[in-house]
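Analysis of the macromolecular model
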Amino acid sequence: MQEQNLSHYKEIGFRCGIEIHQRLNTNNKLFCNCSTDSENDTIVGTVERMQRAVSGELGKMDLSSKFEQNKKRIFKYNIFKNSSCLVDIDEEPPHPLNIDALIISLGIAKEMNMQLVDEVHIMRKEVVDGSDPSAFQRTAIIGFDGSILVNNERILIESISLEEESSAIVKSSTDAVIYNIDRLGIPLIEIGTFANIPTPKMARDTALYIGNMLRSTGRMKRGIGTIRQDVNISIKNGARIEIKGLQDIDNMHNFIDNEIKRQMALIEIKSKLIDMNGKVGKPIDVTHIFENTSASIISNSIKNNGVVVAFALYGFEGVLGIELGSNRRFGSEISDYAKMGGTKGLIHSDEKLDKYNFSKSEIDKLKELLKIKKNDAFIIITEAKDTALNAAELAIWRANYAMHGVPEETRAAINDERFITVFIRPLPGGSRMYPETDIEPINITDKIIESAERAMPKMEDALKRLEQELSDKELAKQMLLSPRYALYKKIREHNYDNLKFAANILLQKFKELERNKVDVNSIEDESIIEMFLELSNKHITKQAIDLILKISASNSDKKISDIIKEHSYERISGKKLHEIIAKFIANNPNANKELLKKIIMSKYRINIDGEELNSALNNF
């Protein structure tokens, strides 16, 4: 996708901010002494909970919390021997705040030029999706009003918070969710920017910059899920949308551009429905119409004591089929809401109804009962009675809101290369915050500040060093933003002597291989470092790098030295090279040096270095 120019985003009133969540690599959790390493830990028991929403500090109940409560699910929690305790399941008061985690977080805050708080006050953030057995997450703001410089653009940082990591989902269904609480309570920092990021690509680069800033401290957890990105987006006449769990940073700008297109389409739908005097009818039990239907999805539901509920959408004809994204229509948006009520899906009149095997008589009777006329549409839901009515209520709410425009939502990124999102719950607000009364405020002393200053990642110094090492400002900037910057630093620490070549391989060659579906991310850092050291020690040539990476990507357990031997990629040098040259000269007595070089390289391109061959030929 080609990002449009800056004036386009200004014209549509584009506003964007990002939130970065990163686990800290501390020995203990944030409010207890449990280990943050659960790799070999064992489950010793389970607890069950149901959760309900409560009013926040301002006396209001958060809409997203009420939404989760209405699902009426049971939550089961696996308890671990060494990495969980009574604090995690809210059966014991929290211990004092982990000062190591606080110092790491303050160091990051200072790097981002933030104003630090004088006292850390712990708050409770209501969480009713089951991810915390206590139904709240402890969090504390430690800095605010900062800024960073990304691509010469000043990005404003709203706040940085220190908080508890949530539990990990093991299994989820409509009625129950199973969680592991071994990661619950691991220190986590949340960095939130203001909504002044000017373009989608700048959002991507900001996320990359902050991610590398965090990793450069050496105090962050590594691995899948240890860092997460959420993106907040809105446009003129649209609404704020939060995209959760956006793991694919390289394509963050594509997700954002698709969200812009979705909101633009919803704004058009609003205009169309106002012109058509759009209106949504009430749900009606229409099971009797389909008692003898050939539509298997309906007949099977009725056989299992299900009912059929339908409602009219006056003025909606054609609207449900309007494209909002790749294989996503407005009907899909309504279906997302209905699914939150427990149904597996719905049927609407903008679909090709023939595929369901409805009879003409059944559809005619349905239209008559719902008073469907020209320009109208309808939706059918079939489930157990309570589920069908609950799903219909949610679907009706979403259809009604189409006359108001874009609803504020939390949406999940779908990482299937379509760069689309789906609804998961209403957007949370400030009503879910209230004070934590079990922990005293923590004073930020001079000693803590001094420790934080030593923990600062110093990114400006890192950029200057890169510019000196690579003799290329653009390449240095790219490396600083790259997820492979940490790997580059490891290569540097091993005293590899051609850092510019290494940077180009990590940035350009890796990208080229990824485009060709080579899974370079599966290659261990140690293997890549070994490959560069083999090159530095003149055991292989630069030409062998491409082939070694491809083989290593599909054989990640193999050592680089073994790959080199098995595929005969060893560099030919010194005496052996001179013997080859002599042999080719004898077989080609009339060939000049250029022709000899061409003939030799055609056979030994992977094994012979071109510069060494040139030098050797000059000595013959």
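A short tour of the structure in this document, coming up.

Cut-off values and rules
Residues numbered from 1 in each chain as written. Predicted model: local features only at pLDDT ≥ 70, side-chain atom pairs only at ≥ 80, totals over all residues. Heavy atoms only, no water. Helix = DSSP H or I, 4+ residues; strand = E, 2+ residues; numbered from the N terminus. Buried < 20%, exposed > 50% of the residue type's maximum accessible area, 1.4 Å probe, protein only. Contact = heavy atoms within 4.5 Å. Areas by Shrake-Rupley, 256 points an atom, 1.4 Å probe, with all protein chains shown as cover. Lys, Arg positive; Asp, Glu negative; His and termini not counted. Charge placed at Lys NZ, Arg CZ, Asp CG, Glu CD. Axes fitted to C-alpha atoms, helices over the stretch in contact; angles between N-to-C directions. Parallel < 35°, antiparallel > 145°, perpendicular 65-115°, else oblique. Left-handed = near helix turned anticlockwise from the far one by under 90°. Nonpolar A, V, L, I, M, F, W, Y, C, P; charged D, E, K, R; others polar. Pairing = 2+ DSSP bridges. Phe/Tyr/Trp six-rings, centres within 6.5 Å; stacked < 30°, edge-to-face > 60°. Lys NZ or Arg CZ within 6 Å of the ring centre and 35° of its normal. Core = buried A, V, L, I, M, F, W, Y, C linked by side-chain atoms within 4.5 Å. 1 Å grid on protein atoms, 1.4 Å probe; cavity = no way out; pocket = protein on both sides within 12 Å on 5 of 7 lines; lining within 4 Å. Points joined across faces, edges and corners; volume = space filled by probe spheres on them. Polar contact = N/O pair within 3.5 Å; in protein donor to acceptor, adjacent residues only side chain to side chain.

1. With respect to the overall build of the protein
- Secondary structure assignment for the protein yields 20 helices and 24 strands.
- Overall size of the protein, expressed as C-alpha extent along the three principal axes, is 95 × 65 × 55 Å.
- Every one of the 620 residues in the protein was classed for burial, and the buried ones make up 54%.
- For the protein, contacts bridging at least 24 residues in sequence account for 75% of all contacts bridging at least 6.
- Within the structure as shown, the protein displays about 29900 Å² of accessible surface, and the carbon and sulfur contribution to it stands at 46%.
- Of the charged side chains in the protein, 86 are positive and 91 negative; the average position of the first set lies 4 Å away from that of the second.

2. Observations regarding the packing of helix H12 (residues 473-481) against helix H14 (residues 499-515)
- For the pair H12 and H14, interaxial distance at closest approach is 10 Å and the crossing angle is 55°. Here H12 is positioned oblique relative to H14, judged by the angle of their axes. Crossing angle aside, the handedness with which H12 passes H14 is left-handed. For the pair H12 and H14, contact is made by Leu475, Gln478 and Met479 and by Lys500, Ala503, Asn504, Leu506, Leu507 and Gln508, respectively.
- Looking at the contact of H12 with H14 residue by residue, the classes come out as 5 nonpolar, 3 polar and 1 charged.

3. Digging into the packing of helix H18 (residues 574-587) against helix H20 (residues 610-618)
- Look at H18 against H20: their axes get within 11 Å of each other, and the N-to-C directions meet at 65°. The element H18 and its partner H20 pack so that their crossing is right-handed. On H20, the residues that touch Gly574, Leu577, His578 and Ile581 of H18 are Glu612, Leu613, Ala616 and Leu617.
- For the contact of H18 with H20, the class distribution of residues is 5 nonpolar, 2 polar and 1 charged.

4. Some details on the pairing of strand E10 (residues 176-180)
- Direction of pairing for strand E3 (residues 74-80) relative to E10: parallel, over a ladder of 5 bridges. Paired with Tyr77 across the bridge in E10 is Tyr179.
- Here strand E9 (residues 168-172) pairs with E10 via 4 bridges, running antiparallel. Within E10, the position partnered with Lys171 by the bridge is Ile178.
- Taken together, E9 and the strand that follows it, E10, pair antiparallel across an intervening segment of 3 residues.

5. Details of the packing of aromatic side chains
- Tallying each qualifying case throughout the model produces 11 aromatic pairs.
- Three or more aromatic residues link up through ring pairs in this structure, and these residues are Tyr337, Trp397, Tyr401 and Phe423.
- Sitting over the face of the ring of Phe31, Arg138 holds its NZ or CZ atom 5.7 Å from the ring centroid.
- A cation over an aromatic ring shows up here: Lys542 above the ring of Phe501, its NZ or CZ 4.8 Å from the ring centre.

6. Some remarks on the nonpolar core
- With 136 residues, the main nonpolar core has Ile191, Phe316 and Phe330 as its most contacted residues.
- It is H14 that provides the largest number of residues to this core, a total of 9 residues.
- Once residues within four sequence positions are removed from consideration, Ile191 is found in contact with Ile18, Glu19, Ile20, Ile108, Met112, Ile157, Ser159, Ile160, Ile210 and Leu214.
- Judged by nonpolar contacts, the second largest core, of 18 residues, contains Phe290, Ala295, Ala310 and Ala312.

7. Here's the deal with empty space enclosed by the protein
- Following the criterion strictly, the structure yields 1 cavity of 30 Å³ or more and no others.
- The computed volume of the largest cavity comes to approximately 70 Å³.
- In this structure, the largest cavity is lined by Val87, Asp88, Asp90, Asp132, Ser134, Phe136, Arg138, Glu164, Leu184 and Gly185.
- A class-by-class count of the residues in the lining of the largest cavity yields 3 nonpolar, 2 polar and 5 charged.

8. Some thoughts on the environment of Val127
- Examined against the element boundaries, Val127 turns out to sit in the loop between strand E6 (123-126) and strand E7 (136-150).
- The exposure class assigned to Val127 is buried, which follows from its relative accessible area of 12%.
- Once the C-alpha coordinates of Val127 and Gln51 are considered, the two residues, 76 residues apart in sequence, prove to be 9.1 Å apart.
- Discounting residues that sit within four places of it in the chain, Val127 has contacts with Gln51, Ala135, Phe136 and Gln137.

9. Some words on helix H16 (residues 545-554)
- With 7 of 10 residues buried, H16 is to be regarded as a mostly interior element.
- Within the span of H16, buried status applies to Ile545, Asp546, Ile548, Leu549, Ile551, Ser552 and Ala553.
- In this structure, the buried side of H16 is in contact with H14, helix H15 (525-536) and helix H17 (560-566).

10. Things to note about the side chain of Gln263
- Mapped onto the secondary structure, Gln263 falls in helix H5 (residues 252-275).
- Taking the relative accessible area as the measure of exposure, Gln263 reaches 1% and is therefore buried.
- For Gln263, the side chain forms a polar contact with the main-chain oxygen of Ala239, separated by 3.1 Å.
- A distance of 2.9 Å separates the side chain of Gln263 from the side chain of Glu259, its partner in a polar contact.

11. Re the sheet that holds E3
- Spatial ordering of the open sheet is given by E2-E3-E10-E9, a layout of 4 strands whose pairing is mixed. At either end of the open sheet lies a strand with only one pairing partner, and these are strand E2 (43-49) and E9. Strand-to-strand twist across the sheet, computed as the mean angle between neighbouring axes with direction ignored, equals 25°.
- Two strands pair when backbone bridges link them, and E2 and E3 are joined in this way by 6 bridges, in the antiparallel orientation. Its bridge partner being in E3, Ile43 is matched across the sheet by Phe80.

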